[in-house]
Amino acid sequence: MKIMGKATARPSLALVKYWGKQSVRENTPATGSLALTLDGLVTTTTVEEAEDDRIVLNGRVGNPAPYKTFLDEIRDQLGLGGRFFSIVSDNSFPTAAGLASSSSGFAALTGALAAFAGARLTPKELSRLARKGSGSATRSIWGGFTVYEAGAKEAYQEHDEDFWPEFRVLAAVVSDKPKPEGSRNAMEASRLTSPYYGEWVRTSPDLLKKARKALDRRDLATLGPLVRQSYLRMFATMFTSDPPLIYWQEESLALVRTLEDLRREGLEAFETMDAGPQVKIFCLEKDLDTLKTELEKRCNRSGNLNFLVSRPGAGLQTERLEIQP
Ligand code: PMV
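Residues numbered from 1 in each chain as written. Predicted model: local features only at pLDDT ≥ 70, side-chain atom pairs only at ≥ 80, totals over all residues. Heavy atoms only, no water.

J.: What should I look at first to understand the overall build of the protein in this one?
T.: The secondary structure content of the protein amounts to nine helices and 16 strands. Whereas a compact globule of 325 residues would reach a radius of gyration of roughly 20 Å, the protein reaches 19 Å, a difference of no more than 12%. With the principal axes as the frame, the protein shows a C-alpha extent of 60 × 40 × 35 Å. Looking at the 325 residues of the protein, the share that counts as buried comes to 54%. Sequence separation of at least 24 residues holds for 76% of the intrachain contacts in the protein that already meet a minimum separation of 6. Total accessible area on the protein is roughly 14,300 Å²; 48% of this is exposed by carbon and sulfur atoms. Here the protein holds 43 positive side-chain charges and 42 negative ones, and the gap between their average locations is 3 Å. (Helix = DSSP H or I, 4+ residues; strand = E, 2+ residues; numbered from the N terminus. Rg over C-alpha atoms; globule rule 2.2 N^0.38 Å. Buried < 20%, exposed > 50% of the residue type's maximum accessible area, 1.4 Å probe, protein only. Contact = heavy atoms within 4.5 Å. Areas by Shrake-Rupley, 256 points an atom, 1.4 Å probe, with all protein chains shown as cover. Lys, Arg positive; Asp, Glu negative; His and termini not counted. Charge placed at Lys NZ, Arg CZ, Asp CG, Glu CD.)

Next up, the structure:
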């Protein structure tokens, strides 16, 4: 009989960002984050025992070396030491392009290995394990809205996925090419070289506190500008790193400016960005069609932009499959 572990997880999009480590060794964040798990984008991962670690990502054989430290740590924690895995992972969206695929990817891998091991772990324990893969994966274990506090080893759920059913995220995919620099190295470069990094860390708790309150009240008009402050302050540390980190593309800035125009015209839609050129815009369901139509008209004459719609989504789901030969 063959045992397989299977898991699905969804990306965690931060409204208030974490950027920079408090402890590199423990992989804990320097700034607390408030995030949303997206239902429209799914990572599905299966693991089964093999002679060596192997990884197939979106149908392509990948290099398992970057995952080794994480896999060794998880094997250790799950009592799987000395065993190797064939990992197959598929994303329903562009990988490594700033759509938070590392969050869903490491959360799904953690879940699939735990399912394989038959370990009955709580979400808190899974969140702790996933953290070793990527900071945002710590949050992807939960659905809905999550909080991951500065220096913490796990995230928690603030509100479940039914808390704000009208909330929508429209991800404008500017480019589906992998980003030039992974976030782990990039945030370390910001920490070590940006003169603004200290201020970023110092001012983050206040933003987080205000954003949590606005979210509690489902107050988009207050939440939106706070979310913009968070990503723009984060980018300020990137732009001022040495060498500078510039993830934006012309289309990204065009979207940011168009959203300013649309807000002036009365539309309630606010953007955020991560370590990549994509622009993720949030609004209420009633405004989604207008938002999409206006962005298509004003920013997508070339037809190069793709739009993906999400609402608050579910957390990690796992399954242990016993396959008869
Ligand atoms: O998940 P990591 O460690 O690759 O870092 C992600 C950082 C941002 O996506 C830019 C912000 C966040 O809080 O998700």
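J.: I would appreciate a short explanation of the sheet that holds strand S10 (residues 145–148) in the present structure.
T.: Read from one edge to the other, the open sheet built from four strands follows the order S2-S5-S10-S11, with strand pairing classed as antiparallel. The open sheet is flanked by strand S2 (12–16) and strand S11 (156–159), the only strands paired with a single partner. Along the sheet, successive strands turn relative to each other by an average axial angle of 40°, direction set aside. (Pairing = 2+ DSSP bridges. Axes fitted to C-alpha atoms, helices over the stretch in contact; angles between N-to-C directions.)

J.: Explanation requested: the layout of surface pockets in the structure shown.
T.: A water-sized probe rolled over the atoms picks out the places where empty space is left. By volume, the second largest pocket is sized at about 180 Å³. The set of elements that each furnish at least two residues to the lining of the second largest pocket consists of helix H2 (101–117) and strand S16 (317–323). Across the lining of the second largest pocket, the residue classes break down as five nonpolar, three polar and three charged. (1 Å grid on protein atoms, 1.4 Å probe; cavity = no way out; pocket = protein on both sides within 12 Å on 5 of 7 lines; lining within 4 Å. Points joined across faces, edges and corners; volume = space filled by probe spheres on them. Nonpolar A, V, L, I, M, F, W, Y, C, P; charged D, E, K, R; others polar.)

J.: I'm lost on the site of the ligand in this one. Help?
T.: With respect to spatial proximity, 15 residues lie near the ligand, and among them Tyr18, Gly135, Ser136, Arg139 and Ser183 are the closest. Contact distances for the ligand include 2.5 Å between an oxygen atom and a side-chain N or O atom of Tyr18. For the ligand, an oxygen atom lies 2.7 Å from a polar atom in the side chain of Arg139. A total of 380 Å² of accessible area belongs to the ligand in isolation, and the protein chains cover 93% of it. Partitioned by chemical class, the residues of the shell around the ligand number six nonpolar, five polar and four charged. (Near = heavy atom within 4 Å. Polar contact = N/O pair within 3.5 Å; in protein donor to acceptor, adjacent residues only side chain to side chain.)

J.: Help me understand the nonpolar core in this model?
T.: A general tendency of soluble globular proteins is for nonpolar side chains to be buried together. Counting 34 residues, the largest nonpolar core has Trp19, Phe235, Tyr247, Leu255, Ile281, Leu291 and Leu295 as its most contacted members. Contributions of two or more residues to this core are made by strand S12 (167–173), helix H5 (183–193), helix H6 (197–216), helix H7 (220–239), helix H8 (250–264), strand S14 (279–284) and helix H9 (285–299). Beyond its immediate sequence surroundings of up to four residues, Leu291 is in contact with Leu170, Leu259, Leu262, Leu267, Ala269, Ile281 and Cys283. Core analysis: the next-biggest nonpolar cluster, separate from the first, contains 30 residues, Ile3, Ile55, Ile87 and Ala155 among them. (Core = buried A, V, L, I, M, F, W, Y, C linked by side-chain atoms within 4.5 Å.)

J.: I'm lost on the pattern of salt bridges in this one. Help?
T.: Proximity of charged atoms lets side chains of opposite charge pair with each other. Under the defined criterion, the tally for this structure stands at 29 salt bridges. As a salt-bridge pair, Arg83 and Glu49 come within 2.9 Å of each other at their nearest N and O atoms. Linking Arg83 in the loop between helix H1 (68–78) and strand S9 (84–91) with Glu49 in strand S6 (residues 43–50), this pair joins segments that are 34 residues apart in sequence. Owing to a relative accessible area of 32%, Arg83 belongs among the partly exposed residues under this scheme. The salt bridge involving Asp261 is made with Arg264; its shortest N-O contact spans 2.7 Å. Taken as a pair, Asp261 and Arg264 lie in helix H8 at a separation of three residues, close to a single helical turn. The exposure class assigned to Arg264 is exposed, which follows from its relative accessible area of 65%. In the salt-bridge network here, residues are joined through shared partners; they are Arg25, Glu26, Glu73, Arg131, Lys132 and Lys153. (Salt bridge = Lys/Arg side-chain N within 4 Å of Asp/Glu carboxyl O.)

J.: Honestly, H1 in this entry has me stumped. Any pointers?
T.: Note: α-helices contain 3.6 residues per turn, so residues at a spacing of three or four share the same orientation. Every buried residue of H1 is accounted for by Phe70, Leu71, Ile74, Arg75 and Leu78. The buried residues of H1 occupy an angular sector of 130° when the element is viewed end-on, so they sit on one face. Pointing more than 90 degrees away from the buried face of H1 are the exposed residues Thr69, Asp76 and Gln77. Along its buried surface, H1 packs onto S9, H2 and helix H3 (123–131). (Arc of directions from axis to C-beta.)

J.: Can you walk me through the pairing of S14 in this structure?
T.: Every regular strand shows the same layout, with side chains that alternate between the two sheet faces. A large share of S14 lies buried, amounting to six of its six residues. Here S14 shows a buried face lined by Val279, Ile281 and Cys283 and a second buried face lined by Lys280, Phe282 and Leu284. The sheet contact formed by S12 and S14 spans six bridges and is antiparallel. Within S14, the residue paired with Ala172 across the bridge is Val279. Sheet topology places strand S13 (residues 270–272) next to S14; three bridges connect them, and they run antiparallel.

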